Amino acid sequence: CERGLAGTLTIAGDGPLREDCLAKVRASKYGDRIRFMGAVSRETGEQLRAECNVFTAHNQIGQHSRQEEAFGVTIIEAMAAGMPVITGRSGGVVESVVDGETGTLFTPGDMEAHANALLQMSDAKTRWKMAHAGWTRASNHFCLSRQMTVLRQMLLCRESTQDT
């Protein structure tokens, strides 16, 4: 915000760090530009994706859980909704987001890189280009018919190895 980002942050989701997040929102001098929604319905999620310009998450190994994002369904949903994705390079996210094409990946914990990526999305042309590439990638690589084909191939391969 101090560098000119004129946006708002909508946080949708819930979990064990909810109270920590709410405390940080209350303590932030930009708290009036942060909307914390908690858990949302599928319909509300769809509405949020339709209203927002960018999807961002600071994916990293969890401080308490020591886990990282295995796949990132929310990231695929954002790309399928035509949103560029800005997130930490962590876990399965690197299989979904093509850095510089469908969004921006940064080193987890690097707040400066996260801020730079958000500022880059102020440019509508860049945003549109990445959004379109993300939609194309989600449509081609993560659609149900492709996933069914991959699963069938995996199962057939497993069956053939068990027969030998």
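Refer to the structure above for everything that follows.
The rules behind each value
- Residues numbered from 1 in each chain as written.
- Predicted model: local features only at pLDDT ≥ 70, side-chain atom pairs only at ≥ 80, totals over all residues.
- Heavy atoms only, no water.
- Helix = DSSP H or I, 4+ residues; strand = E, 2+ residues; numbered from the N terminus.
- Buried < 20%, exposed > 50% of the residue type's maximum accessible area, 1.4 Å probe, protein only.
- Contact = heavy atoms within 4.5 Å.
- Areas by Shrake-Rupley, 256 points an atom, 1.4 Å probe, with all protein chains shown as cover.
- Salt bridge = Lys/Arg side-chain N within 4 Å of Asp/Glu carboxyl O.
- Core = buried A, V, L, I, M, F, W, Y, C linked by side-chain atoms within 4.5 Å.
- Axes fitted to C-alpha atoms, helices over the stretch in contact; angles between N-to-C directions.
- Left-handed = near helix turned anticlockwise from the far one by under 90°.
- Nonpolar A, V, L, I, M, F, W, Y, C, P; charged D, E, K, R; others polar.
- Pairing = 2+ DSSP bridges.
- Right-handed = clockwise from strand over helix to strand, strands pointing away.
- Arc of directions from axis to C-beta.

A. The arrangement of the overall build of the chain in detail. In terms of regular secondary structure, the chain is built from seven helices and five strands. Ordered by position in the sequence, the α and β elements of the chain form the string β-α-β-α-β-α-β-α-β-α-α-α. Residue burial in the chain is summarised as follows: out of 164 residues, 25% are buried. Excluding contacts between residues fewer than 6 apart, the proportion of contacts in the chain whose partners are at least 24 apart in sequence is 58%. Only carbon and sulfur atoms are counted for the fraction: they give 54% of the accessible area of the chain, which is about 10,800 Å².

B. Quick peek at the pattern of salt bridges. With the rule as written, the count across this model stands at seven salt bridges. Among the ionic pairs, arginine 89 bridges to aspartate 99, the shortest N-O distance being 3.3 Å. Taken together, the residues span a long stretch of sequence, with arginine 89 in the loop between strand E4 (85-88) and helix H4 (93-96) and aspartate 99 in the loop between H4 and strand E5 (103-106) at a distance of 10 residues. We classify arginine 89 as partly exposed; its relative accessible area is 38%. The class of aspartate 99 is partly exposed, set by a relative accessible area of 41%. Each member of the salt-bridge network shares a partner with another, and the members are Arg42, Glu43 and Glu46.

C. Representation of the nonpolar core within the structure. Counting residues in hydrophobic clusters, the biggest one holds 12 residues: Phe55, Ala57, Ile75, Ile76, Ala78, Met79, Met83, Val85, Val93, Val97, Leu105 and Ala138. When residues of this core are traced back to their parent elements, those giving at least two are strand E3 (55-57) and helix H3 (73-80). Ranked by the residues each element gives to this core, the list is headed by H3, at four residues. Ile86, Phe106, Met121 and Met130 belong to the second-largest nonpolar core, a separate cluster that totals five residues.

D. Structural detail: the packing of H3 against helix H6 (residues 124-141). Direction vectors running N to C along H3 and H6 enclose 115°, while the axes themselves pass 7 Å from each other. Here H3 and H6 pass one another in a crossing that is left-handed. Touching Ile76, Met79 and Ala80 of H3 are Gly134, Trp135, Arg137 and Ala138, all from H6. When grouped by side-chain class, the residues that make up the contact of H3 with H6 number five nonpolar, one polar and one charged.

E. The pairing of strand E2 (residues 34-38), seen in detail. Across four bridges, the pairing between strand E1 (residues 9-12) and E2 is parallel. When the bridges of E2 are listed, threonine 10 appears paired with arginine 35. One crossover worth recording links E1 to the parallel E2 by way of helix H1 (residues 18-27), and it is right-handed.

F. Layout of the sheet that holds E5. Overall, parallel pairing links the three strands, which are arranged E3-E4-E5 in an open sheet. Here the strands that pair on one side only, and so sit at the sheet edges, are E3 and E5. Neighbouring strand axes in the sheet, compared pairwise and without regard to direction, differ in orientation by 10° on average. Here E3 pairs with E4 via three bridges, running parallel.

G. Expanded view of H3. Ile75, Ile76, Ala78 and Met79 are the residues of H3 that are buried. With its buried residues spanning 160° around the axis, H3 presents them on a single face. Where H3 is buried, its residues meet helix H2 (42-51), E3, E4, H4 and H6. Backbone geometry just after H3 places glycine 82 at a positive phi near 80°.

H. Focus on the environment of glycine 92. Position of glycine 92 relative to the elements: it lies in the loop between E4 and H4. As for glycine 92 and glycine 72, which are separated by 20 residues in sequence, their C-alpha atoms are 6.8 Å apart.

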